Protein chains: 2
Amino acid sequence: MNIAILGYGTIGSGVHQIVEEGATLLTKSLHVTRILIRKGKEKTLPYMCDDIDDIVNDPAVDLVVETMGGIEPAHTYILKALEHGKHVVTANKAVVAAYLKDFNECAKENNVKFYYEASTGGGIPCIAGLEKALRIDEVDEIHGIFNGTSNFILDHMQRYGTSFEEVLKEAQRLGYAEADPSADIDGYDVCNKLRISASIAYDYHVPDNFPVFGIRNITKEDVMYFKSMNRSVRFIAKTKRDGDRYSCVVEPILFKESDLEANTQDNYNLISMHGKTIGDLKFYGQGAGKLATANAVVQDILDILEGKEHMERKYENKMKYDTTICRRDYVLRADKACRVYFKGIKYETSTFDKYMLIKDIEVMKMHELMKKVLEVDPTAFMASIYEREDL
Amino acid sequence: MNIAILGYGTIGSGVHQIVEEGATLLTKSLHVTRILIRKGKEKTLPYMCDDIDDIVNDPAVDLVVETMGGIEPAHTYILKALEHGKHVVTANKAVVAAYLKDFNECAKENNVKFYYEASTGGGIPCIAGLEKALRIDEVDEIHGIFNGTSNFILDHMQRYGTSFEEVLKEAQRLGYAEADPSADIDGYDVCNKLRISASIAYDYHVPDNFPVFGIRNITKEDVMYFKSMNRSVRFIAKTKRDGDRYSCVVEPILFKESDLEANTQDNYNLISMHGKTIGDLKFYGQGAGKLATANAVVQDILDILEGKEHMERKYENKMKYDTTICRRDYVLRADKACRVYFKGIKYETSTFDKYMLIKDIEVMKMHELMKKVLEVDPTAFMASIYEREDL
């Protein structure tokens, strides 16, 4: 099977490496015959090119791996490849979250496959696990640590008492965080992964209009305060379903020290799902990184090579976002002046004057109030409190 | 697809329930048409019978689910079903560990499938995960909590300071432990699961001649002593590979309080594997229980229905058990008289006079010494010490 790789960054070159090393009988049947690089970049390999048309018009190319990231031109190139009868495998969560329904339809019309295991959970086979669970159960809950960079930051703040800024710098030095870390720390990355997982689970293309609150404002003192509650903070995406109603939210959550989430260290991911017969199922591993993510890309390629079809989704279910199915307790740190917004809402103030404990509030309502709070105190931070029973 | 179930205990009736409820399009295509029960037992359903020949000679039966447990007659019945051209799916770890190579060959000769996901890790899709990882990586290490009963006992001793006997009784009351708990607490159950996993990983039918030390002798005081070391004890099966050399061992291991194993509570399982490109991968879930295990059985049935072939293994590799690749530190509680066996071996005695810390000893050697120790002090207990770097 001949493969063209679009983009030759970390993941693209990782896919190339695994295919070239061809360690198993299966991977020996794969050949990278074309690599698309950016116009003006030096062509360091004879089969590099900078024109997508050279690839889609090459009848020898069977499959296109897209690892460019971002929406455009990835979106256009994926559609072009599918329309030219090439299978497409991608690691690009942004473009999958936005267009999975269109890609799916286009692949079907052209009798080729469109797979994207690497887009969610990196090397963790969580899409495969989800699709497998869905063959028998309705999956009524997915939650987890879907972002290694933010987990590295929160885990190191917790374990070493360092400040957000210091850990971020360390993460950037180690190559875990980008120069502009906003996609990781403000939750857009996680948001895409949640949309992809929830869309598969519900057979409905979940829109991105759900509450997201990031970790940019967390301080050393916040972490110490959570410690005094015997809690550890993690950045969590979660979705819950009840019949045709669902909720999605991305926010920091406080876990008990004995919860697996609280013990998910460094840049690891931990992805959980729940079904009636399977119960709780959790997958832990490298949610990012060159070879682990490339492994997931090559797994999808091997599925196509072996004719192992993934679950068919049409995304035609009717689902309704329901703000009432997700209520939680929150800890909020904000200037006292913000308390005016919480009139008529149950809350306690802590001995540390800065913190408020808000009881049993709708998640959507709390995120709306937080927007007002941030206008008064742009440094404010909040986290919800995890109870095993009612995530 | 018509299914016959052999054995109508917890798992057999769970499979029946999932198939009858037929929640998804796929499970709707399954029909249980025969159930084999023990001779003399009351036939509570019209399609129950007590003669295996009625089942294997029924041309309408496509697939046989074996959930009787134990070696015989399961072994004979599975071979009979395969020889009569029926696919076989089993949850029976004892018979799979002993005969997986024979079953595999027999299935191939008769052009049917023999699958056994439920035999290892209950509802956790760890065989699927292992086979998937093996498509790209050599899996050089598998370890984990493979037994819910022993984990329930150790976790509750650790968290509530109860004695082994008290927790065992509680586990029996809850239905987690059998009246005769020896398979769970002496490690035979785990031993079978390790053999199955290692055999798939190494494409070699791993024999059962490796060291096994159970948890029967653990006391409240042991657990308190481990706590004073900031360690939590778990019952672990592990295998490691280096080229054509491997080791397998089943023993209690002391984990740091922040290790995921130490936070695997109640009767949950946690199964870990490592490969060069995928890194560390861990699967957490219900390792036993009616519906979770039945879910795994039905997953195998659906794979056969959908034509999703599992990895082909011939078990023809040449591997060598090597005692030198696995060395560890141990904590030993034993009568002082036993120290005579440790002449010439590096050890420290603790402030608590009963405990010895033995440094960097071959696992096989330690298990041999432990046999001698138990002759002098039949109440002795030992556990090795986990370091993330060198399991």
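Every chain is numbered independently, its residues counted from 1 as its sequence is written. Ligands are numbered from 1 and chains lettered from A, in the order in which they are written. For this predicted model, a pLDDT threshold of at least 70 governs which residues receive local features, and a threshold of 80 or more governs which side-chain atom pairs are given and counted, while totals over whole chains, interfaces and linings are taken from all residues. Excluding hydrogens and water, the side-chain figures rest on all heavy atoms present in the structure.

### Description of the UniProt feature "domain: Homoserine dehydrogenase catalytic" (unreviewed entry) in chain A
For the record, the criterion: UniProt positions are given in the numbering used here, feature names are shortened, and annotations may be inferred rather than shown by experiment. A helix here means a DSSP run of H or I that spans at least four residues, while a strand means a run of E at least two residues long, and both kinds are numbered starting from the N terminus.
UniProt annotation of "domain: Homoserine dehydrogenase catalytic" (unreviewed entry) refers to residues 125-302 of chain A when read in the numbering used here. End C-alpha to end C-alpha, residues 125-302 of chain A measures 14 Å, and it is 41% helix and 26% strand.

### Some remarks on the interface of chain A and chain B
Filter applied, for reference: Here, two residues are considered to be in contact whenever any of their heavy atoms come within 4.5 Å of each other. The term buried area means the drop in 1.4 Å probe accessible area that two parts suffer when joined, counted for both and summed. Salt bridge, as used here, is a side-chain nitrogen of Lys or Arg placed within 4 Å of a carboxyl oxygen of Asp or Glu. Residue polarity is assigned by list, with Asp, Glu, Lys and Arg as charged and Ala, Val, Leu, Ile, Met, Phe, Trp, Tyr, Cys and Pro as nonpolar; anything else, Gly included, falls into the polar class. Being paired, for any two strands, means DSSP has found at least two bridges between them.
Counting from both sides, the interface comprises 45 residues of chain A and, opposite them, 45 residues of chain B. Interface of chain A and chain B: buried area, both sides summed, is about 3900 Å²; carbon and sulfur atoms make up 53% of it. Of all residues in chain A, Arg135, Ile136 and Tyr284 of chain A bury the most surface against chain B, accounting for 21% of the area lost on that side. Viewed at the interface, chain B and chain A are joined by 6 salt bridges. Its salt-bridge partner being arginine 135 of chain A, residue glutamate 306 of chain B comes within 2.6 Å of it at the nearest N-O pair. Breaking the side of chain A that touches chain B down by element, the ones donating at least two residues are α1 (10-21), α5 (126-134), β11 (279-286) and α11 (290-306) of chain A. Considering every element that reaches the side of chain A that touches chain B, the biggest residue donor is α11 of chain A, with 8 residues. Within the side of chain A that touches chain B, the residues separate by chemical class into 19 nonpolar, 12 polar and 14 charged. Of the strand pairs in this sheet, β11 of chain A and strand β11 (residues 279-286) of chain B are connected by 5 bridges, and their pairing is antiparallel.

### Regarding the relation of the copies chain A and chain B
To be explicit about the condition: To line up the copies, we fit them by least squares on C-alpha atoms, keeping just the residues with pLDDT of at least 70 in both.
By a simple turn and slide, chain A fits onto chain B: the slide is 0.0 Å along the axis, the RMSD is 0.0 Å, and the turn is 180 degrees. The transformation just described matches what one would write down for a two-fold rotation axis. Residue phenylalanine 283 of chain A, judged by its C-alpha, is the member of chain A lying nearest the rotation axis, at 2.5 Å. A share of 100% of the interface residues of chain A reappears at the interface of chain B, consistent with the copies meeting face to face through the same patch.

### Comments concerning the sheet that holds strand β1 (residues 2-6) of chain B
Strand pairs in the sheet, formed through backbone hydrogen bonds, run parallel or antiparallel to each other. Spatial strand order, β3-β2-β1-β4-β5-β6 (chain B): 6 strands in an open sheet with parallel pairing. Taken across any chain shown, the strands that pair with only one partner, and hence form the sheet edges, are β3 (48-49) and β6 (114-115) of chain B.

### Things to note about unusual backbone geometry
Most peptide bonds adopt trans geometry, and most residues besides glycine take a negative phi value. Where we set the bar: For every residue, the accessible area (1.4 Å probe, protein chains only) is compared with the maximum for its type, and the residue is labelled buried under 20%, exposed over 50%, or partly exposed between those bounds.
The linkage connecting glutamate 72 of chain A with the following residue, proline 73 of chain A, adopts the cis geometry, with an omega of 5 degrees. Tracing the backbone through its elements, the reader meets proline 73 of chain A in the loop between β4 (63-66) and α3 (74-83). Unusually for a residue other than glycine, aspartate 203 of chain A sits at a positive phi of about 50 degrees. Looking at the secondary structure, you find aspartate 203 of chain A in the loop between α9 (188-202) and α10 (220-228). Phi is positive for asparagine 111 of chain B, which is not a glycine, with a value near 60 degrees. In this structure, asparagine 111 of chain B sits in the loop between α4 (93-109) and β6. Given the relative accessible area of 70%, asparagine 111 of chain B is considered exposed.

### Looking at the sheet that holds strand β3 (residues 48-49) of chain A
Residue and element names in this part refer to chain A. Across the sheet, which stays open at both edges, the 6 strands sit in the order β3-β2-β1-β4-β5-β6 with parallel pairing between neighbours. The open sheet terminates on both sides in strands that have one partner only, identified here as β3 and β6 (114-115). Across 4 bridges, β4 lies against strand β5 (residues 87-90) in parallel orientation. In the sheet register, leucine 63 faces β5, and the bridge partner there is histidine 87.

### Observations regarding the packing of aromatic side chains
All names here are of chain B. Cut-off, in case you're wondering: Only centres within 6.5 Å qualify two rings of Phe, Tyr or Trp (six-membered ring in Trp) as a pair; their planes then separate them into stacked at under 30 degrees, edge-to-face at over 60, and tilted for everything else.
What the rule picks out here adds up to 29 aromatic pairs over all chains. Here the aromatic rings of tyrosine 268 and tyrosine 284 are separated by 4.8 Å at their centres, their planes lie at 10 degrees, and the arrangement is stacked. With tyrosine 268 in strand β10 (residues 268-275) and tyrosine 284 in strand β11, this residue pair connects regions lying 16 residues apart in the sequence. The exposure class of tyrosine 268 is buried, given its relative accessible area of 12%. With 6.4 Å between their ring centres and 80 degrees between their planes, phenylalanine 342 and tyrosine 347 make a pair best called edge-to-face. The partly exposed category is assigned to tyrosine 347, whose relative accessible area is 32%.

### Observations regarding the domain arrangement of chain A
All names here are of chain A. The cut-off we apply is this: For the domains described, the bounds stem from an automatic or database domain assignment.
As far as domains go, chain A holds domain 1 (2-115) and domain 2 (127-286 + 318-390). Put simply, the middle of domain 1 and the middle of domain 2, counted by C-alpha atoms, are 33 Å apart. At the interface, 8 residues of domain 1 touch 7 residues of domain 2. Between domain 1 and domain 2, roughly 620 Å² of surface is buried when both sides are summed, and carbon and sulfur atoms account for 73% of that area. Contact with domain 2 buries area across many residues of domain 1, yet Lys93, Ala97 and Leu100 alone supply 73% of it, more than any other trio. Put simply, lysine 93 and aspartate 189 hold a salt bridge, and the shortest N to O gap is 3.4 Å.

### Some remarks on the packing of helix α1 (residues 10-21) of chain B against helix α11 (residues 290-306) of chain B
All names here are of chain B. The criterion, for reference: Angles shown run from 0 to 180 degrees and are taken between the N-to-C directions of axes, each axis being a line fitted to C-alpha atoms and, for helices, limited to the stretch in contact. Our angle categories are set so that under 35 degrees counts as roughly parallel, over 145 as roughly antiparallel, 65 to 115 as roughly perpendicular, and the remainder as oblique. With the far helix as reference, a near helix turned anticlockwise by less than a right angle produces a left-handed crossing, and one turned clockwise produces a right-handed crossing.
Where α1 contacts α11, the axes come no closer than 8 Å and their chain directions differ by 65 degrees. The angle between the axes of α1 and α11 places the two elements in the roughly perpendicular class. In the crossing of α1 with α11, the sense of the turn from one axis to the other is right-handed. In this structure, α1 contributes Thr10, Ile11, Ser13, Gly14, Val15, Gln17, Ile18 and Val19 to the contact, and α11 contributes Lys290, Leu291, Thr293, Ala294, Asn295, Val297 and Val298. When grouped by side-chain class, the residues that make up the contact of α1 with α11 number 8 nonpolar, 6 polar and 1 charged.

### Brief notes about the environment of isoleucine 200 of chain A
All names here are of chain A. Within the secondary structure, isoleucine 200 is located in helix α9. It is 18 Å that separates the C-alpha atoms of isoleucine 200 and glycine 123, two residues lying 77 residues apart in sequence. Among all residues touching isoleucine 200, those that are not within four sequence positions of it are Tyr116, Ile127, Leu130, Glu131, Leu134, Arg313 and Tyr315.

### Here's the deal with the UniProt feature "domain: Aspartate/homoserine dehydrogenase NAD-binding" (unreviewed entry) in chain A
Under the UniProt annotation, "domain: Aspartate/homoserine dehydrogenase NAD-binding" (unreviewed entry) lies at residues 7-117 of chain A. The span residues 7-117 of chain A shows a helical share of 40% and a strand share of 16%, and its end C-alpha atoms are spaced 18 Å apart.

### A few points about the pattern of salt bridges
Applying the stated criterion across every chain yields a total of 49 salt bridges over all chains. A salt bridge links aspartate 186 of chain A to arginine 216 of chain A, with the nearest nitrogen and oxygen atoms 2.7 Å apart. Of the two residues, aspartate 186 of chain A sits in the loop between α8 (182-185) and α9 while arginine 216 of chain A sits in the loop between α9 and α10, which places them 30 residues apart along the sequence. Judged by relative accessible area, aspartate 186 of chain A falls into the buried class, the value being 16%. Judged by its relative accessible area of 42%, arginine 216 of chain A is partly exposed. As a salt-bridge pair, aspartate 322 of chain B and arginine 245 of chain B come within 2.4 Å of each other at their nearest N and O atoms. A residue pair is termed long-range when its members are at least 10 positions apart, and aspartate 322 of chain B in the loop between β12 (320-321) and β13 (327-333) and arginine 245 of chain B in strand β9 (residues 245-256) qualify at 77 residues. Among the charged side chains, a salt-bridge network with shared partners connects Arg135 of chain A together with Asp303, Glu306 and Lys308 of chain B.

### A word on the environment of leucine 130 of chain A
Residues and elements named next belong to chain A. Mapping leucine 130 onto the fold places it in helix α5. The buried category is assigned to leucine 130, whose relative accessible area is 2%. On a C-alpha basis, the gap between leucine 130 and arginine 313 in space is 13 Å, while along the polypeptide they are 183 residues apart.

### What to know about the pairing of β9 of chain B
In summary, the side chains of a regular strand alternate between the two faces of the sheet. Residues and elements named next belong to chain B. The element β9 is largely enclosed, with a buried count of 10 among its 12 residues. The sheet contact formed by strand β8 (residues 231-242) and β9 spans 12 bridges and is antiparallel. Bridge pairing in β9 links threonine 239 to cysteine 248. The hairpin formed by β8 and β9 contains 2 residues between the paired strands, and glycine 243 there has a positive phi angle of roughly 65 degrees. Here β9 pairs with β12 via 2 bridges, running parallel. Note that in β12 the partner of tyrosine 246 across the bridge is tyrosine 321. Relative to strand β16 (residues 381-385), β9 runs parallel, the two sharing 2 bridges. Paired with isoleucine 253 across the two strands is serine 384, which belongs to β16.

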